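Listed below are the residues making up each chain.
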Amino acid sequence: MLNLFSLKTKEADGSSQNASRGKRATAAQLRITKDLSELELPKTCKTEFEDPDDLLNFRLVISPDEGFYRGGKFVFTFKINPNYPHEPPKVKCATKVYHPNIDLEGNVCLNILREDWKPVLTINAIVYGLQYLFLEPNPEDPLNKEAANELQANRRLFEQNVQKTMRGGTVNGVYFERCVK
């Protein structure tokens, strides 16, 4: 039988093995380590870590190979908070993009990052959700209402504006930096 009292005594006096290793990993760190080790990125996505020791902050680069955004390069920042996986990560698009579901400040309208988040969801689910937004923009749940209305009313004009902004152009008085590879 395991004697829990003796384990607590060892930890208290510093003789446990973990005490010699330094700081213990938080639940969020353990979970993100597991999520990242099981990550199966599609060929159009890659992760970038500014600090390899900080798994709680990283970038995801999506380079769609089909759809309206084909040929573009879009960077998303992920900030994993201490309550992960009970709260979703904070995900922002660092690339200004003309998209119905991404506003000009980089906020992303993806249900699993808000009301539909569940602790069983992983970073993998978010990656595929973000990638899907580029393949099938959803004008029914927009953050950029102008882009959404245009997609619904005039698909061809929407496509032209996406191409113009990806090459570095202005639409509706807003300048977009070039993001084509």
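Please refer to the structure higher up on the page.
Residues numbered from 1 in each chain as written. Predicted model: local features only at pLDDT ≥ 70, side-chain atom pairs only at ≥ 80, totals over all residues. Heavy atoms only, no water.

Draft legend 1. Representation of the overall build of the protein. Broken down by element type, the protein carries six helices and six strands. Mapped from its N terminus to its C terminus, the protein presents α and β elements in the order α-α-α-β-β-β-β-α-α-α-β-β. Counting only residues that meet the buried cut, the protein has 40% of its 181 residues in that class. Surface summary for the protein: the accessible area is close to 10,900 Å², and the carbon and sulfur share equals 51%. (Helix = DSSP H or I, 4+ residues; strand = E, 2+ residues; numbered from the N terminus. Buried < 20%, exposed > 50% of the residue type's maximum accessible area, 1.4 Å probe, protein only. Areas by Shrake-Rupley, 256 points an atom, 1.4 Å probe, with all protein chains shown as cover.)

Draft legend 2. Representation of helix α5 (residues 145-153) within the structure. Buried within α5 are the following residues: A147, A148, E150 and L151. With its buried residues spanning 165° around the axis, α5 presents them on a single face. Seen from the open side of α5, the exposed residues pointing more than 90 degrees away from its buried face are K145 and A153. Considering only its buried residues, α5 is in contact with α6 (155-166). Here α5 starts with a cap whose side-chain oxygen sits 3.3 Å from the backbone nitrogen of E146, and that cap is N144. (Arc of directions from axis to C-beta. Contact = heavy atoms within 4.5 Å. Polar contact = N/O pair within 3.5 Å; in protein donor to acceptor, adjacent residues only side chain to side chain.)

Draft legend 3. Region of interest: helix α4 (residues 123-135). Look at α4: 19 Å from first C-alpha to last across 13 residues, which is about the 18 Å you get at 1.5 Å a residue. Of the positions making up α4, those classed as buried are I123, N124, I126, V127, G129, L130, Q131, L133 and F134. At its buried positions, α4 is contacted by α3 (27-37), β1 (45-48), β2 (57-62), β3 (74-79) and β4 (90-93). (Expected span 1.5 Å × (residues − 1).)

Draft legend 4. A look at the side chain of E150. Structurally, E150 is set in helix α5. In this structure, E150 is buried with no salt-bridge partner, the nearest side chain bearing the opposite charge being K164 at 9.3 Å. Among the polar contacts made by the side chain of E150, one reaches the side chain of N161 at a distance of 2.7 Å. Every residue in contact with E150, bar those within four places of it in the chain, is listed here: Y98, R155, L157, F158 and N161. (Lys, Arg positive; Asp, Glu negative; His and termini not counted. Salt bridge = Lys/Arg side-chain N within 4 Å of Asp/Glu carboxyl O.)

Draft legend 5. The packing of aromatic side chains, seen in detail. In this structure the tally under the stated criterion is ten aromatic pairs. Aromatic side chains F68 and F158 sit 5.1 Å apart centroid to centroid with 85° between the ring planes, which places their arrangement in the edge-to-face category. Of this pair, F68 sits in the loop between β2 and β3 while F158 is found in helix α6, placing the two residues 90 residues apart along the sequence. Since its relative accessible area comes to 9%, F68 is described here as buried. Here F158 falls in the buried class, since its relative accessible area comes to 0%. For the ring pair F76 and F134, a centre distance of 6.0 Å and an interplane angle of 70° mean the geometry is edge-to-face. Of this pair, F76 sits in strand β3 while F134 sits in helix α4; the two residues are 58 residues apart in sequence, bridging distant segments of the chain. Three or more aromatic residues joined by ring pairs make a cluster, and in this case those are F68, Y98, F158 and F176. (Phe/Tyr/Trp six-rings, centres within 6.5 Å; stacked < 30°, edge-to-face > 60°.)

Draft legend 6. Inspection of the sheet that holds β2 at higher detail. Strand order in the open sheet formed by four strands is β1-β2-β3-β4, with antiparallel pairing between adjacent strands. Each edge of the open sheet carries a strand with a single partner, namely β1 and β4. Neighbour to neighbour, the strand axes of the sheet diverge by 25° on average, direction disregarded. Pairing geometry for β3 and β4, over four bridges, is antiparallel. Bridged to T77 within β4 is K92. (Pairing = 2+ DSSP bridges. Axes fitted to C-alpha atoms, helices over the stretch in contact; angles between N-to-C directions.)

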